[in-house]
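Survey of secondary and tertiary structure
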Amino acid sequence: MPLETSAKLWVSFQLDSFPSPFSISVTRREVFPMKCTFQCERLGEYDGLHYRVEFDAMPVSFRAVVDAWRNDADFRDWFNELLADVPFKAFRWETPAVTRATESRQFEFVVQDSP
């Protein structure tokens, strides 16, 4: 049975219009039986943003995100939309190094403007 999805919420913002640091928490759609959200903070004086993904307002691990990328098309669509909405024309996407020993830590990534 397919998952029901909520209406998409498009997020658009200008980096210059937010103080540093700022935080945004946005629900984009229902994935799994859980609500998937992200939090975003500006990277101080750098042209970049720091993201954290949450399921049901709880931190989610790298392992859970990788599993969702592999097994859930709705999550992949949601994550691709999140990246497509990044307010840079071109950017670098980076995560911390992850090993089996660290795969349970909270999933996070940064995007940095790369004109």
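You'll find the structure just up there.
Rules used in this analysis
- Residues numbered from 1 in each chain as written.
- Predicted model: local features only at pLDDT ≥ 70, side-chain atom pairs only at ≥ 80, totals over all residues.
- Heavy atoms only, no water.
- Phe/Tyr/Trp six-rings, centres within 6.5 Å; stacked < 30°, edge-to-face > 60°.
- Helix = DSSP H or I, 4+ residues; strand = E, 2+ residues; numbered from the N terminus.
- Buried < 20%, exposed > 50% of the residue type's maximum accessible area, 1.4 Å probe, protein only.
- Salt bridge = Lys/Arg side-chain N within 4 Å of Asp/Glu carboxyl O.

Within the structure shown, the criterion is met by 16 aromatic pairs. Both rings, one in W69 and one in F79, keep their centres 5.2 Å apart while their planes meet at 75 degrees; by these two values the pair is edge-to-face. Of this pair, W69 sits in helix 1 (residues 62-71) while F79 is found in helix 2 (residues 73-84), placing the two residues 10 residues apart along the sequence. For F79, a relative accessible area of 4% corresponds to the buried category. When the ring of W69 is compared with that of F107, the centres are 5.8 Å apart and the planes differ by 90 degrees; the resulting orientation is edge-to-face. Of this pair, W69 sits in helix 1 while F107 is found in the loop between strand 5 (91-94) and strand 6 (108-113), placing the two residues 38 residues apart along the sequence. Following the ring pairs from residue to residue traces out a cluster consisting of F38, Y51, F55, F62, W69, F75, W78, F79, W93, F107 and F109.

In this section: the pattern of salt bridges. Tallied over the full model, the rule gives five salt bridges. The closest approach of N and O atoms between R105 and E108, which form a salt bridge, is 3.5 Å. Connected via shared salt-bridge partners are R63, D67 and E103.

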